[in-house]
Amino acid sequence: MIRLTGIVKRYLMGEEEVLALNGVDLFIDRNEYVALIGPSGSGKSTLMNLIGCLDTPSEGTYVLNGRDTSQLTDDELAHVRNKEIGFVFQSFHLLPRMTVLENVMQPLVYRGMPRAERKALATRALEQVGLGSRLGHRPNQLSGGQRQRVAVARALVGKPSILLADEPTGNLDSRTSAEIMALFDELHRSGQTVVVVTHEPDIAAHCRRTIRVSDGKVVEDTLNPARAQVA
Ligand code: ADP
Ligand code: ADP
């Protein structure tokens, strides 16, 4: 479902050209659970931005669910992104003046869905992450772990084909991190494709496959044997 072929990504820094990705070939199938790891500056965020349709490659093709996204206009790319990708970020990115329910309803606004239907879907997504009793709270009335679960519900509410998480536990203590990863484990078990960018080995260990990036290339791609038996 994700097929990257011959991906090169260059950034221009003044006169200098930065080669962020230098020939990446990658296939990620439906219902995989992938950790994307590598040192700072190796190209993880660039790769995630491409997979998440936030950016397009300088060279190469990206086929997502049978559709070549490399040639799309910004508007078309935004449309694909809205439909196919659910993002979770390190810093939650919740809207502070809105309730938990309103935050999770927000992505559905762009789909022209009636309010009652948005409310029903958002409520269900919040129940799925264990926050069915916090619908009317504001983000600042929640713990960090609860806020991240709201962000996960917001990412899932539109039923994306891929859940894409960038350092999702970076702002959480270790116990809360484990809770969030247990939630990801559960989502994976129920069929969700999950890709997690992380530099923490404990987080990567939850995943079924580890892809290591270094200097803009995939240098390792392994199945995690310990987890492979669990599901
Ligand atoms: P990581 O997420 O692994 O830390 P990045 O994908 O952010 O790595 O960065 C890969 C390389 O591309 C680095 O050398 C970084 O400095 C460079 N880079 C990333 N984004 C930009 C940008 N917008 N403009 C210029 N250079 C960038
Ligand atoms: P930080 O934790 O340092 O705030 P994030 O992991 O939250 O960084 O964000 C990673 C990248 O995703 C950034 O380049 C940011 O511009 C982008 N980003 C953040 N929020 C959104 C969003 N809601 N939609 C699209 N891109 C976003």
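Located above this text is the structure these notes cover.
Presented here is an overview of the structure given in this document. (Residues numbered from 1 in each chain as written. Chains lettered and ligands numbered in written order. Predicted model: local features only at pLDDT ≥ 70, side-chain atom pairs only at ≥ 80, totals over all residues. Heavy atoms only, no water.)

**Brief notes about the site of ligand 1**
Under the convention used in this document: Distances are taken per atom, and a residue is near a molecule or strand as soon as one of its heavy atoms is within 4 Å of it. Here a polar contact is recorded for every N or O atom pair within 3.5 Å, except that within protein the pair must consist of a potential hydrogen donor and a potential acceptor, and residues adjacent in sequence are included only if both atoms are side-chain atoms. Calculation of accessible area relied on Shrake-Rupley with a 1.4 Å probe; when residues are assessed, cover is drawn exclusively from the protein chains displayed. Working definition: helices are DSSP H or I runs of at least four residues, strands are E runs of at least two. Numbering for both runs from the N terminus. Think of it as three bins: nonpolar holds Ala, Val, Leu, Ile, Met, Phe, Trp, Tyr, Cys and Pro, charged holds Asp, Glu, Lys and Arg, and polar takes everything else, Gly as well.
In the vicinity of ligand 1, the residues found are Tyr-11, Met-13, Val-18, Ala-20, Pro-39, Ser-40, Gly-41, Ser-42, Gly-43, Lys-44, Ser-45 and Thr-46. A distance of 3.1 Å separates an oxygen atom of ligand 1 from a polar atom in the backbone of Ser-42. Ser-45 is positioned such that a nitrogen or oxygen atom in its side chain is 2.7 Å from an oxygen atom of ligand 1. Calculation on ligand 1 without its partners gives an accessible area of 560 Å², and the protein chains cover 64% of this total. Breaking the shell around ligand 1 down by element, the ones donating at least two residues are β1 (2-13), β2 (16-28) and α1 (44-51). Considering each element in turn, the shell around ligand 1 owes the most residues, three residues, to α1. Partitioning the shell around ligand 1 into residue classes produces five nonpolar, six polar and one charged.

**Topic: helix α3 (residues 100-109)**
Note the cut-off: Partly exposed describes any residue whose relative accessible area lies between the buried limit of under 20% and the exposed limit of over 50%, with all areas from a 1.4 Å probe on protein chains only and scaled to the type maximum. A contact between two residues is defined here by any heavy atoms of the two lying within 4.5 Å.
The set of residues buried in α3 consists of Val-100, Leu-101, Asn-103, Val-104, Met-105 and Leu-108. Looking at the buried side of α3, the elements it contacts are α4 (115-128) and α5 (144-156).

**A look at the site of ligand 2**
All residues in the neighbourhood of ligand 2 are listed as Leu-54, Phe-89, Gln-90, Ser-91, His-93 and Asp-166. At 2.8 Å from an oxygen atom of ligand 2 is found a side-chain nitrogen or oxygen belonging to Ser-91. Residue His-93 places a side-chain N or O atom 2.7 Å away from an oxygen atom belonging to ligand 2. Here ligand 2, which alone exposes 570 Å², has 48% of that area covered by the protein. Its residues assigned to classes, the shell around ligand 2 comprises two nonpolar, three polar and one charged.

**Quick look at the pattern of salt bridges**
Rule in force here: Should a side-chain nitrogen of Lys or Arg be within 4 Å of a carboxyl oxygen of Asp or Glu, the pair is scored as a salt bridge.
If you walk through the whole model with that rule in mind, you get eight salt bridges. A salt bridge links Lys-9 to Asp-55, with the shortest nitrogen-to-oxygen separation between them at 3.2 Å. One end of the pair, Lys-9, is in strand β1; the other, Asp-55, is in the loop between α1 and β4 (59-64), and 46 residues separate them in sequence. Exposure remark for Lys-9: the relative accessible area of 8% places this residue in the buried category.

**Re the side chain of Thr-169**
Along the chain, the position of Thr-169 falls in the loop between β7 (162-166) and α6 (174-189). Leaving out residues up to four positions away in the same chain, Thr-169 has contacts with Ser-177, Ile-180, Met-181, Glu-200 and Ile-203.

**Points about the nonpolar core**
Rules: What is meant by a nonpolar core is a set of buried Ala, Val, Leu, Ile, Met, Phe, Trp, Tyr and Cys residues, joined one to another through side-chain atoms within 4.5 Å.
Judged by nonpolar contacts, the single largest core of 39 residues is most densely connected at Val-104, Leu-126, Val-150, Val-152, Leu-163, Phe-184 and Val-196. Secondary-structure elements contributing two or more residues to this core are β3 (33-37), α3, α4, α5, β7, α6, β8 (193-197) and α7 (201-204). The leading source of residues in this core is α5, at six residues. Leave out the neighbours within four places in its chain, and Phe-184 touches Tyr-33, Val-152, Leu-163, Ala-165, Pro-168, Val-194 and Val-196.

**Notes on the packing of α3 against α4**
What describes two packed helices is the angle between their axes and the distance between those same axes. In plain terms, the rule: Note on geometry: axes are C-alpha line fits, over the in-contact stretch for helices, and angles between N-to-C directions span 0 to 180 degrees. In this scheme, roughly parallel covers angles under 35 degrees and roughly antiparallel covers those over 145, while 65 to 115 is roughly perpendicular and the rest are oblique. What makes a crossing left-handed is the near helix being turned counterclockwise from the far one by less than a right angle; a clockwise turn instead makes it right-handed.
Between α3 and α4, whose axes approach to 8 Å, the crossing angle comes to 120°. With respect to each other, α3 and α4 are oriented oblique. Where α3 crosses over α4, the handedness of that crossing is right-handed. Of the residues in α4, those in contact with Val-100, Leu-101, Val-104, Met-105, Leu-108 and Val-109 of α3 are Arg-115, Arg-118, Lys-119, Leu-121, Ala-122, Thr-123, Ala-125 and Leu-126. Classifying every residue of the contact of α3 with α4 gives 10 nonpolar, one polar and three charged.

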